[in-house]
Amino acid sequence: MQIARSHVLICGGTGCLSNNSMKLKEHLENKLKELDLEKEVQIIMTGCFGLCAEGPIIVVYPEGAMYSQVSIKELDTIAEEHLLKGRIVEKLLLANRTQAYDEEGHQVENTDFFKMQKRVALRNCGRINPENIDEYIAYDGYQALGKVLTEMTPQQVIDEITASGLRGRGGAGFPTGTKWKFAAASEGDVKYVACNADEGDPGAFMDRSVLEGDPHSVLEAMAIAGYATGAHQGFIYVRAEYPTAVKRLNIAIDQAREYGLLGKDIFGTGFDFDIELRLGAGAFVCGEETALMRSIEGHRGEPRPRPPFPAVKGIFDKPSMLNNVETYANICPIILNGAEWFASMGTEKSKGTKVFAVGGKINNTGLVEIEMGTPLREVIYNIGGGVPEGKKFKAAQTGGPSGGCIPASLIDTPMTYDDLNEIGSMMGSGGLIVMDEDNCMVDIAKFYLGFIVDESCGKCPPCRIGTKRMLELLEKITDGRGEEGDVERLEKLAKNIKASALCGLGQTAPNPVLSTIRHFRDEYDAHVRDKKCPAAVCKNLVRIVIDKDKCRSCGLCAKNCPVSCIRGERKVPYEIDYTKCIKCGACIERCPFNAISRES
Amino acid sequence: MAKARKVEVSEQQKKEILSIVDKYKGTKGALIPVLHEVQEYFGYLPLEVQEIISDNLNVPLAEIYGVVTFYTQFTTQPKGKYAVNVCLGTACYVKGSAKILEKFEETLGIKAGGVTEDGMFSIDACRCVGACGLAPVAMINGEVYGKLVQDDVKSICEKYMEN
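Residues numbered from 1 in each chain as written. Chains lettered and ligands numbered in written order. Predicted model: local features only at pLDDT ≥ 70, side-chain atom pairs only at ≥ 80, totals over all residues.

A. Here's a closer look at the sheet that holds strand 8 (residues 271–279) of chain A. Residues and elements named next belong to chain A. What the 5 strands build is an open sheet, ordered 7-8-6-5-9; its pairing is mixed. What marks the edges here is a single partner per strand, and that holds for strand 7 (263–266) and strand 9 (320–324). When the angles between neighbouring strand axes are averaged without regard to direction, this sheet yields 25 degrees. Relative to strand 8, strand 6 (residues 233–238) runs parallel, the two being bridged by 6 bridges. What sits directly across from Q233, in strand 8, is D274. Helix 12 (residues 243–258) contacts strand 6, strand 7 and strand 8 of the sheet and is inclined by roughly 160 degrees relative to strand 8. (Pairing = 2+ DSSP bridges. Helix = DSSP H or I, 4+ residues; strand = E, 2+ residues; numbered from the N terminus. Axes fitted to C-alpha atoms, helices over the stretch in contact; angles between N-to-C directions. Contact = placed C-beta atoms within 7 Å.)

In structure tokens form, the structure reads like this:
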């Protein structure tokens, strides 16, 4: 094997790939040839580092220098200075581009974004080349599978997972060990294990990052799950919208088969296990376990009543067990380091770590993995770098369309399954969307409900009809036609849907509405009673106004107005004809003097 | 179905579709993978194509139609040569992607879900492409445009119009 003196890690996660990181890689390859460094410096395309907002990201080892937002020209500088002459290009370091810079801050581990994190599920993301099984093996890959097959009985594996306290990372937080125990106890000659990689929560992308950055960790964990429960076949149900993940999973499966780590007689122990990929086709409801199993069978992904539970009757009517990607990504470290190690992290009822996809109005958009129980405040301010443009933090939404909001007053809530449930939100898959003072909470509730109405499979009336009625009420309120009692009507409908919908997604669908009513009732009242939208978002309730003192009569607003509703002349402030204005806001964006704004 | 216009499937195309179906014969739950591959090849899944699959995969046409219309990835109408997908996932939405979508609709003169008359562009709203770090995001034939502002839309469209 060729030994290089320096390694350049280029992020190949979806965020950075969209930011041209593939072109950077090709360019650097040529540049290294030009500098005659191709034998000394090795380029590795890794999975996601997590700091998507600062992409494309490049890390140079052995120094561990992390460069962010690298352009082609800057890459040349890095090659010439750092790779050729060994001088770190300080001005291009991530630590220099963000505010918190100190002497040792250039090292990846010491940046504000990374130093508060504890990476277990994401341990290999941004560290290895996901398309090379040898790199995974070098970081203890497939050792857990070896240990399980040669030293442990299936019961011991289940006991270890149970003792670790690991709970499902996909949404509901069901204890993983218990799930495995049920599947193992189920009678049947053929059993299946499956991986839910149909990450449907809009705004969550941790599963995608694990699949793209460390696919083998999922394959290995599934084989362990197969051994523990008595299954010899696994299915990964992955979104078709994730082409990079699909490609890397296929490569990983081929490589694992080639090495004899999947297939017949693994490690010569007589244990057979293989994995097949199944692509989703864009249906949110397929994240629900019975719907997902129907979809694997090739049907419409509609949930069915339980019991029988999948552990008894699942895929092709055989006993089946389903875990999500992040849950699987935790399995191998638990086997290798022991249940005690895992249980030492987190809180009493929420052990270990959790990955959050932090997005929306926050400076450091990206993936963060923190110990359970870390207060939301730390995620937002210390890791996330706060809200941009000095705006005020209003709320964070967790759990996606099944979850709820955490208002600013509860920002010290520890992030655990139970604490989040208590305040009317939920852990969910870990999407965490930050909202600032410019976001209207009624509008956000409407957004989620619109999503549910689109995605409802239509099988049960409470979800199909009930959520539609709720959406209509919300549209009425945001249009300015709200009446006294509408909020109560929403609450009543929500309670009925929660009590009567068939599947978990339907039962949780009203949550975003209930939680916004609970924490932001005053905003609902402002829409209904005063016909005002305090955040100035809901079109029918806002007016666009020109500040006469600030207007310099340049005419740019009038020129860009698509309906020609702004008039004026030199030296006289411009005026808007409200009978024509469509409130598109084009004028606001163009005004060089910030003289135009929305008013509620 | 919206339009009754008959879709012609040539002999060559039929052969290709059959070879895809053949590959999956005997696989349990083959329908969805077959539909994915056929759509990749044919561009969309009109009734005529569904009939061919039904006859050869031995799945009732009603069931195929049910599956095709259930999943948003499958389409019975052709998409534009340049398929614009504006992300309306939560992270993009709170950063104003609804306005980006409006701007695309205004610039191209069609609504989301529609195709321009010359068949050059189609617009769809999609749910989260997983590039939340670049929000708001739009994708055109797989190429991702991130951190968009309304003003970017016109020049992006023009780039494709020239081709």
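B. Spatial organisation of the pairing of strand 7 of chain A. All names here are of chain A. Where strand 7 and strand 8 come together, 2 bridges link them in antiparallel fashion. Among the inter-strand pairings, G263 is bridged to a residue of strand 8, identified as F273. What sits between strand 7 and strand 8 in their antiparallel hairpin is a turn of 4 residues, with F267 showing a positive phi close to 55 degrees.

C. Seen up close, helix 16 (residues 376–383) of chain A. All names here are of chain A. Taken as a whole, helix 16 has its buried residues at L376, V379, I380 and I383. Projected onto a plane normal to the axis of helix 16, the buried residues spread over an arc of 125 degrees and lie on a single side. Close packing links the buried residues of helix 16 with helix 5 (112–115), strand 10 (353–360), strand 11 (366–371), strand 12 (393–398), strand 13 (404–407) and strand 14 (431–436). G385, located one to two residues past helix 16, shows a positive phi value of around 75 degrees. (Buried ≥ 20, exposed ≤ 12 C-beta atoms within 10 Å, placed from the backbone. Arc of directions from axis to C-beta.)

D. Structural view of the nonpolar core. Residues A:V218, A:M222 and A:I224 are the most contacted members of the largest nonpolar core, which totals 220 residues. Discounting chain neighbours no more than four positions away, the residues touching A:M222 are A:V193, A:C195, A:G234, A:I275 and A:Y328. (Core = buried A, V, L, I, M, F, W, Y, C linked by C-beta atoms within 7 Å.)

E. How the structure looks around the sheet that holds strand 1 (residues 6–11) of chain A. All names here are of chain A. Taken in spatial order, the 4 strands of this open sheet run 2-1-3-4, and their pairing is mixed. One side of each edge strand has no neighbouring strand; the edge strands of this open sheet are strand 2 (41–46) and strand 4 (65–67). Each adjacent strand pair in this sheet contributes to an overall mean axis angle of 20 degrees, direction not counted. Bridge count between strand 3 (residues 58–61) and strand 4: 3 bridges; the pairing is antiparallel. By the bridge assignment, I58 is partnered in strand 4 with Y67.

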